[in-house]
Structure formats: structure tokens, C-alpha cells
Amino acid sequence: DALRDLAAAMNSAGAGSWTASPLVAGTQPAGEKIAVTNPADRRETVGHWQASTSADVERALANAVAAQPGWDATPASSRAALLEHAADLLEARMPAYMAMCTKEAGKTLADGIAEVREAVDFLRYYALQAREHFAPIALPGPTGESNQLQLAGRGVFACISPWNFPLAIFLGQIAAALAAGNTVIAKPAEQTNLIGFAAVKLMHDAGIPQDVLQYLPGDGATVGAALTRDPRVAGVCFTGSTETARLINRALASREAGPIATLIAETGGQNAMIADSSSLPEQVVKDALGSAFTSAGQRCSAARVLLVQDDIADKVIGMLAGAMAELKVGDPGLPSTDVGPVIDTEAKCVLDEHAAKMQGSAKFIARATLGEGTQHGTFFAPTAWELKSIAELDREKFGPALHVVRWKADELDALIDTINATGYGLTLGIHSRIDATIDRIVARAKVGNIYVNRNQIGAVVGVQPFGGQGLSGTGPKAGGPHYLPRFATEKTVTVNTTAAGGNASLLTLG
Ligand code: UN1
């Protein structure tokens, strides 16, 4: 019933009239209006956005530089209070933001709720962290001196975020950068400009000044490239593909002026779930299904490969096929839907091509049935195939595609080495009831987040800090205690406190 009430509130939230344009203090939008269509039905226009011009980028940078010292001088507790106010506003406006998540990003109702909740959690968590970390730390030292460690903002941060968590990751990056005393220029993924605009508006409504947080919609080649090559940008926070992270890294490294910029990147995965013969097949199937197909598999944490020990493999594969036949694929706005559309035509094409390739080289296991009314949307029916090895997958397939590989008892270490050899290291699921096996896998696997006897998605802010290693990202983990300090610089302040002044300690210590 609560879901139905939310759905009703969402439906009155105004799709069709949503707009987005650059939010740059002191400018008026000038670009042409581009229509945004609903991934579940491409005939429906849900809103329009206007791209940033190079004048917008230039003005945003100048504003951000000018505003940064004042924002940095604002006490961390006051910055935190604004983020907490934004969290309250977002909670109060939940149906409207959920409606946008469904209409612009194709999210199911359950995903929409999780999305808004996670965004609220990020705002509150980084506010809390700012209060803790940004209080000066007094350090012990020789008599006659006081020593203090202070944190300050780095300068201007560019936050470049993905469409798969258009509110949570978008606001999470922004909240961290702002909490640490940076001014922010936010560039959302082009697929979710409307949500990004509404999120920045919300932050302004909460009292974040317009020149402290600005919004520049546009493509990576113009807006993203202009920001990353500009020496006025002190740091970039990016979530998206490994390829784009490399491009950004190269742009930052080839600058000939300005500071050595910081890059905080969270990228892709080739995530595995390992199930040994002691695991419970029903639980393995339930968790594999949830990890591979929730959010139409469009999470970097999603399970891509299920590695099952041979003695239980037939049983698990049979149950998996049965469970996939029950999946409801269709309109993400209906409470009964399990899997919605993929984000756009390009994403669907990549998955269709993958399916065609698998048709020739892998053993087909099952494909879910597309529901009614899906013909005008960008849907890809969840599909599973059996492969001989994880090494047959060249790169991450970002969608509801699951691959199953069998393994034998004496192959466990080699299996983990093959997972490590993909170079990605984000999430890993383990299903086993043998502690020694779990410990062995945990010790050998080079991954960021390990989940035992449960699904492997949905890291909770502050509880399961999230992020990987290798091709999966630079660290530190989002929603963890080490994240915020990476957005800051450290100052050590040493003061001579003896009455004699400057040279007293020099005389006594020689
Ligand atoms: C992503 O999909 O880009 O744990 C990362 C989870 C999410 C993953 C976010 N926090 O499923």
C-alpha cells in the first residue's frame, strides 16, 4: 500500500515539464533545448535540457575560484548543517525525486526508494565526517610549542558522475567535496541531466550558495574535457567507466600549469560470486539473481559471473533457469516489476551484440520473458549463459547478463587467481558454510568489497564503505571514514609558546 501511495504521488509529480539548464551564477541559459525520453517508452518525452556553452564553463570556473576561500573559511560545522538541511528537504520531496528516477533513468520503485535513501545517507554521513575530521587536531610535541593539524579544501572540484545512480552518487560526490571546503562544478551523465539539475536546485534551496555549487550539463568531450584540462580545477571526483577514468587521468597529467590535481575514481568491475558444494543452492540462486539483475544489472557492484562447484552446478543452474522464468520485466513504475529497461539504445545494442556473440560461443541457460508494453522501450531480457572460464569475458557487460562457470574442488586457488587476473577488483560474493574456505578466498582475492552468504550489491553508507582496486578505482572508499580527507589538504601549524619568543627552543635544544 505504501508503494501504491508513493506511485500515486509520483504520477502527479509533473513528467513532461521537467527542464534542466546550466546553473552558473550570473548567466542565463542560451543553448538549444534537447528532448529527454523515457527509457521504458521512447515515445514519451519527459523533459528538456540545454547544454552548457564554453562561456558557461569559463564563467563557472571563475565563479568557483572566487568563491572558494570564503566557503573554505566557513566553519565545517556550518557547511555540515547545510548538507543536513539538504537531506531533510530531499526526504520531504522523495516522491518527486523517485518519479524522476523512474521516468528519466528507468528505475523501478524499489530502486527509486533506495536511490533517494542513499543520497540522504551520503549527505548526512559526510556532514558527520566534516564535523569530526575538520576540527583541528592538537598533536603532542616538545615543551614550548603547540602543534596542530588542520584540514582545508583543495580548491575547485569537478564532480563527474554516472547515470546509474543519478541522485545518490551525484549528491554523494558533491556532498563530500563541499563538506571538505571545496567549491564544486558538477557534471552529471548526459542520460540523467534532469535529475542532476533538480538535485543541484535542492542544494541551493538548502542554502548552499549558487557560486559554491554550479551545474554544467553537457557531453564529456566538451564540458568534461574543458574542466579536466583547466589548471583552476584542483581535483576531479569521477564515477563511471575505466576507459573514461584513464582519459581524465591523462588530461590531468598532461597539464602544464596549475597544481598536481587529485583524481578520485570509482570505475567498473568483473564481479564474481563463488559458491562451493557446502552452500545452499536456494540461497545461491536467490542472491545471484538479486546481484545480477537488480537495477537491470546496471550497477558496478553487480555479479557478472557465478562460479559454482561442479557437484551442485546442475542443481543451481536448473533452479536459476526456473527463477529467471518468474522475473517480471517491464514498466518500472509498476510495483510488481522486478527488472526495468536499460538506460539507452546504445546500452541495449552493446548487450544485444554480446548476446549474439554468446549465442555462438557459450551454452545458453535461460532468458527471462519481456512483459507487455516493452516494445517501445530499451529493454534487454535478463539472460544467463554457461562459460568455460571467466577469462572468456573481455570486459564488463553493464546490464542483466549473467555467466556461469563450473569449478572443481582442487581448483579454488587457481579460480581466485583467474578472477584477480581480470585486473578488476570491486565486489566478490562467497557462498560457503566452511569457515576455512571463506577465509582462504578473502585472503587471496584482490577486491574491495566481499559479501559472504548474501547478495553482493547495495553497500550501505557508513556501514559498508564501497570501492575497489586495480581497474576498479583509485580509492578511497565512498561512504567510508577515509573518503573525506582525500578532498582536503593538510596544514601542520607549529607555534612557539614560550615567553621568550622565536629562538627560545633553539637555545635549549641546540
Ligand atoms: C555503482 O554501481 O556505480 O553497492 C556503484 C552498490 C552500490 C554501487 C554503486 N553502492 O550496489
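Since the structure is predicted, the reported quantities are computational estimates derived from the model, not experimental observations.

This brings us to the overall build of the chain. Secondary structure assignment for the chain yields 15 helices and 20 strands. Its C-alpha radius of gyration of 24 Å places the chain within 12% of the 24 Å reference for a compact globule of 510 residues. Reported as C-alpha extents along the three principal axes, the dimensions of the chain are approximately 80 × 55 × 45 Å. Counted over contacts in the chain with a minimum sequence separation of 6, partners at least 24 positions apart contribute 76%.

Around the ligand, the structure places P162, N164, F165, T239, R299, C300, S301, I457, G458, A459 and F466. Classifying every residue of the shell around the ligand gives six nonpolar, four polar and one charged.

With parallel pairing, the five strands of this open sheet are ordered in space as β8-β7-β6-β9-β10. Each edge of the open sheet is held by one strand with a lone partner, namely β8 (213–215) and β10 (262–266). Strand-to-strand twist in this sheet, taken as the mean axis angle between neighbours without regard to direction, amounts to 15°. Pairing of strand β6 (residues 156–160) with strand β9 (residues 233–239) involves five bridges; the strand directions are parallel. Across the sheet, A158 pairs through a bridge with V236, a residue of β9.

Further remarks concern the nonpolar core. Of all hydrophobic cores here, the largest spans 150 residues; its most connected members are L83, L123, Y126, L167, I174, A179 and L307. Among the elements that take part in this core, helix α6 (residues 168–179) stands out by supplying 10 residues, more than any other.

It is worth spelling out the pairing of β10 at this point. Here β9 pairs with β10 via five bridges, running parallel. The residue bridging F238 from the neighbouring strand is A265, located in β10. You can see the chain leave β9, run along helix α9 (residues 242–253) and come back into β10, and the turn it takes is right-handed.

Strand order in the open sheet made by the three strands is β4-β5-β20, with antiparallel pairing throughout. Two strands close off the open sheet at either side, each with one partner strand: β4 (137–139) and β20 (488–496). Direction aside, neighbouring strands of the sheet carry axes that sit 25° apart on average. Across nine bridges, the pairing between strand β5 (residues 145–153) and β20 is antiparallel.

Compared with an ideal rise of 1.5 Å per residue, which puts 12 residues at 16 Å, α9 spans 16 Å between its outermost C-alpha atoms and is within 8% of the ideal. What α9 keeps buried is the set A245, I248, A251 and L252. An end-on view of α9 places all buried positions within 125° of arc, on one side of the element. In α9, the exposed positions that point more than 90 degrees away from the buried face belong to E243, R250 and A253.

In contact at an axis separation of 9 Å, helix α4 (residues 94–105) and helix α5 (residues 109–133) are set at 125° when each is read in the N-to-C sense. Looking at the two axes, α4 sits oblique to α5. Note that α4 runs across α5; the crossing there is right-handed. Two secondary-structure elements touch here, α4 through M94, Y97, M98, C101 and T102 and α5 through G112, I113, E115 and V116.

So, on to the environment of A86. Mapped onto the elements, A86 comes out in helix α3 (residues 76–92). For A86 and L202, which are 116 residues apart along the polypeptide, the C-alpha to C-alpha distance reads 6.6 Å. When neighbours within four sequence positions are excluded, A86 is seen to be in contact with L123, L202, M203 and A206.

Mapping H431 onto the fold places it in strand β17 (residues 427–431). On the neighbour-count criterion, H431 (29 C-beta atoms within 10 Å) is buried. The spacing of H431 and D276 is 155 residues in sequence and 6.4 Å in space, taken between C-alpha atoms. Setting aside anything within four residues of it in sequence, one finds H431 in contact with M273, I274, A275, S279, Q283, V284 and N453.

With that settled, the discussion passes to the UniProt feature "active site" (unreviewed entry) in the chain. Listed under "active site" (unreviewed entry) in the UniProt record, and renumbered for this structure, are E266 and C300. Look at the named residues: they lie 35 residues apart in sequence, but the longest C-alpha span between them is just 9.0 Å, so in the fold they bunch up. Position of E266 relative to the elements: it lies in strand β10. You can call E266 buried: it has 28 C-beta atoms within 10 Å.

Conventions adopted
- Residues numbered from 1 in each chain as written.
- Predicted model: local features only at pLDDT ≥ 70, side-chain atom pairs only at ≥ 80, totals over all residues.
- Helix = DSSP H or I, 4+ residues; strand = E, 2+ residues; numbered from the N terminus.
- Rg over C-alpha atoms; globule rule 2.2 N^0.38 Å.
- Contact = placed C-beta atoms within 7 Å.
- Near = placed C-beta within 6 Å.
- Nonpolar A, V, L, I, M, F, W, Y, C, P; charged D, E, K, R; others polar.
- Pairing = 2+ DSSP bridges.
- Axes fitted to C-alpha atoms, helices over the stretch in contact; angles between N-to-C directions.
- Core = buried A, V, L, I, M, F, W, Y, C linked by C-beta atoms within 7 Å.
- Buried ≥ 20, exposed ≤ 12 C-beta atoms within 10 Å, placed from the backbone.
- Right-handed = clockwise from strand over helix to strand, strands pointing away.
- Expected span 1.5 Å × (residues − 1).
- Arc of directions from axis to C-beta.
- Parallel < 35°, antiparallel > 145°, perpendicular 65-115°, else oblique.
- Left-handed = near helix turned anticlockwise from the far one by under 90°.
- UniProt positions renumbered as here; feature names shortened; annotations may be inferred.

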